[in-house]
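The primary structure of each chain is shown beneath.
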Amino acid sequence: MKKLILTVIVAIAGWLGMQAQSTPAPEKYNEFIEQIAEQNPTTASILMNATMESLSKDAKDYRQMLELAERRFSDPADPIHNEYLYMIVLNHAVENYVLSATEKEKQRLLLEGAKKNMEGSIAADFDFVTPDGKDVQHLKDLHADNILVFFNNPDCEACETVKERLSTNEFINQLVKDKKLIVLAIYPYDDQKMWKKTKYPKMMINGWNQSRQIEYAELYDLPTLPCFYLLDKDYKVLMKNEGSLNKVEARLKNPEAQAMAASPDLKTVPTHQAQQPKPAVKQQPVPAPADDPKTILSEQLLGYLINNQSQEMYDHMASVIKERVQANYFDGALKQVEAQMGKYQSHEAWEIQLVRGIKSYTSLMHFENGPLGIVIFYDTDNNVVGLNIVPPEVINK
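Novice: Would you explain the overall build of the chain in this entry?
Specialist: Helix and strand content of the chain: 17 helices and 12 strands. Looking at the chain residue by residue over its 397 residues, the buried ones come to 50%. Contacts in the chain between residues at least 24 apart in sequence constitute 63% of all its contacts with a sequence separation of at least 6.

What follows is the structure, given as structure tokens:
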């Protein structure tokens, strides 16, 4: 399986290169990302990340794919809407060296939004009032096998269509009648008068987020309305920002699919990965556990050196590294690392070894608060394709 995935990843670079010469962008990527979205979650994540890596050598193509991914993956109404694949793209954009600092900040904010109420997490609680009710209620006052939160806007033609479909859906109405499902329609914005004048089907609870926390505190990521959040009896998110009532119904009809459709943990997807690993030079070390404090720290630092690093650090690099790394990759990022690790003191000799199966240059950097590993990935043409900060345990000495 690993060999197959690697073969496909290598093929991506060639496919993208050929398409770039013959087809206008960003349309040239549409079919490809649709094919990726059809794969199982783990394979799709690897392929999407590899695609972004393949495009990172051309800033124009990279930005076009970024724009396309936002349009296709983040829109609940799109047939290939996929929050996890969009997060893969955003992670790569934040950590990669292609974008400017301003552009990265935008992608970072989008990533923060995408991480809210992820599938598998407990949904954020919020208050609501009904048109006839005086008491403030909360999401977690509701109890059923499933809760379907229908975020909507009364002044929205598509929302009216979805309300009509909900009111006439026999399967969903039977679940509501059997008290196995609660449909909670929530208006998250400020026009209370318009909301009160709007009629909602009797099979759903009609609520308005009176405190406006959903909007002001950005409790939920709502790129477009209408959209659904499907929760289980413990308020765990089963579906997020879903625009298709058909998909919601299918999930309710097949609860076993909830576990099968679980998306991969983003931490398992390498963010900077060479396309063609070379034979082993040293035995691959075993990475530190995911809950190791130094691993967590390395995740926080991941990507700092991809953008920049100080000239001082660049000057300390072995000549064989300097030949393959552009100095402007490193301007100033060491100061960001030092903010958490204390002042940089020294680094050890560069070695060649396998890290995550990829041929790499590695070294240990020493700071006042301890060491961190530096790993530079490169391809068969000696082009640098990624640069990570890792726990010292990953560097096999």
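Novice: Hey, could you run me through the pairing of strand 7 (residues 237–242) in this one?
Specialist: Along a regular strand, successive side chains alternate from one face of the sheet to the other. Judged by how many residues are buried, strand 7 sits mostly within the fold: 6 of 6 residues are covered. Pairing of strand 6 (residues 227–232) with strand 7 involves 3 bridges; the strand directions are antiparallel. Looking at the pairing, Leu231 lines up with Val237 of strand 7. As consecutive antiparallel partners, strand 6 and strand 7 are separated by 4 residues, and within that stretch Tyr235 has a phi angle of approximately 70°, a positive value.

Novice: Just to check I follow, could you spell out the sheet that holds strand 3 (residues 146–151) for this structure?
Specialist: Think of a sheet as strands paired side by side through backbone hydrogen bonds, with each pair either parallel or antiparallel. Read from one edge to the other, the open sheet built from 5 strands follows the order 5-4-3-6-7, with strand pairing classed as mixed. Here the strands that pair on one side only, and so sit at the sheet edges, are strand 5 (205–208) and strand 7. Averaged over all adjacent pairs, the angle separating strand axes in this sheet is 20°, with direction ignored.

Novice: Would you mind going over the pattern of salt bridges with me for this structure?
Specialist: Two side chains bearing opposite charge may form a pair once their charged atoms approach each other closely. Counted under the stated rule, the structure contains 11 salt bridges. Here Lys240 makes a salt bridge to Glu83, at a shortest N to O gap of 3.7 Å. Linking Lys240 in strand 7 with Glu83 in helix 5 (residues 83–95), this pair joins segments that are 157 residues apart in sequence. Glu83 carries the same exposure label as Lys240, and that label is buried. Ionic pairing is found between Lys253 and Glu249, a salt bridge with its closest N-O pair at 2.9 Å.

Novice: Can you help me understand the side chain of Asn206 in this one?
Specialist: Structurally, Asn206 can be placed in strand 5. Classification of Asn206 as buried rests on a relative accessible area of 11%. For Asn206, the residues in contact, after removing those within four places along its chain, are Val129, Thr130, Pro131, Ala185, Trp195, Thr198 and Tyr200.

Novice: Looking at this model, I keep getting lost on the environment of Lys343. Mind explaining?
Specialist: Residue placement: Lys343 occurs in the loop between helix 17 (333–341) and strand 8 (344–347). A residue is classified by how much of its surface remains accessible, and Lys343, at 51% relative accessible area, is exposed. When the C-alpha atoms of Lys343 and His366 are compared, they prove to be 8.7 Å apart, with 23 residues separating the residues in sequence. Those residues in contact with Lys343, other than ones at most four positions away along the chain, are Glu338, His366, Phe367 and Glu368.

Novice: Please clarify how the packing of aromatic side chains should be interpreted in this entry.
Specialist: Aromatic rings considered in pairs are described by the distance between their centres and by the relative angle of their planes. All told, the structure shown has 8 aromatic pairs when counted by the stated rule. Ring centres 5.7 Å apart and planes at 80° place the aromatic pair Phe126 and Tyr220 in the edge-to-face group. Of the two residues, Phe126 is situated in the loop between helix 6 (101–115) and strand 1 (127–128) and Tyr220 in the loop between helix 10 (213–216) and strand 6; the sequence distance between them amounts to 94 residues. Their ring planes at 50° and their centres at 5.2 Å tell us that Phe151 and Tyr220 sit as a pair that is tilted. In this pair, Phe151 is assigned in strand 3 and Tyr220 in the loop between helix 10 and strand 6, connecting sequence segments 69 residues apart. Pair check on accessibility: Phe151 and Tyr220 agree, each one buried. What links up through ring pairs into an aromatic cluster is the set Phe126, Phe151, Tyr220 and Tyr229.

Novice: It is not clear to me how the nonpolar core should be interpreted in this structure. Could you clarify?
Specialist: Soluble globular proteins tend to bury their nonpolar side chains together. Counting residues in each nonpolar core, the largest one holds 27 residues, and the members touching the most others are Ile33, Ile36, Met48, Tyr62, Met65, Phe73 and Val89. Of all the elements, helix 5 adds the most residues to this core, at 7 residues. Sequence-distant contacts of Met65, that is, excluding residues within four places in its chain, are made with Tyr29, Ile33, Met48, Thr51, Met52 and Leu55. Core analysis: the next-biggest nonpolar cluster, separate from the first, contains 23 residues, Val129, Val162, Leu166 and Tyr187 among them.

Novice: Hey, could you run me through helix 6 in this one?
Specialist: The periodicity of an α-helix, 3.6 residues per turn, causes residues three or four positions apart to be oriented the same way. With 15 residues, helix 6 should cover 21 Å at 1.5 Å per step; its first-to-last C-alpha distance of 21 Å lies within 8% of that length. Of all the positions in helix 6, only Lys104, Gln107, Leu111, Gly113 and Ala114 are classed as buried. At the exit of helix 6 stands Asn117, carrying a positive phi of roughly 55°.

The rules behind the values
Residues numbered from 1 in each chain as written. Predicted model: local features only at pLDDT ≥ 70, side-chain atom pairs only at ≥ 80, totals over all residues. Heavy atoms only, no water. Helix = DSSP H or I, 4+ residues; strand = E, 2+ residues; numbered from the N terminus. Buried < 20%, exposed > 50% of the residue type's maximum accessible area, 1.4 Å probe, protein only. Contact = heavy atoms within 4.5 Å. Pairing = 2+ DSSP bridges. Axes fitted to C-alpha atoms, helices over the stretch in contact; angles between N-to-C directions. Salt bridge = Lys/Arg side-chain N within 4 Å of Asp/Glu carboxyl O. Phe/Tyr/Trp six-rings, centres within 6.5 Å; stacked < 30°, edge-to-face > 60°. Core = buried A, V, L, I, M, F, W, Y, C linked by side-chain atoms within 4.5 Å. Expected span 1.5 Å × (residues − 1).

Bear in mind that shape data such as this cannot, by itself, settle questions of function.
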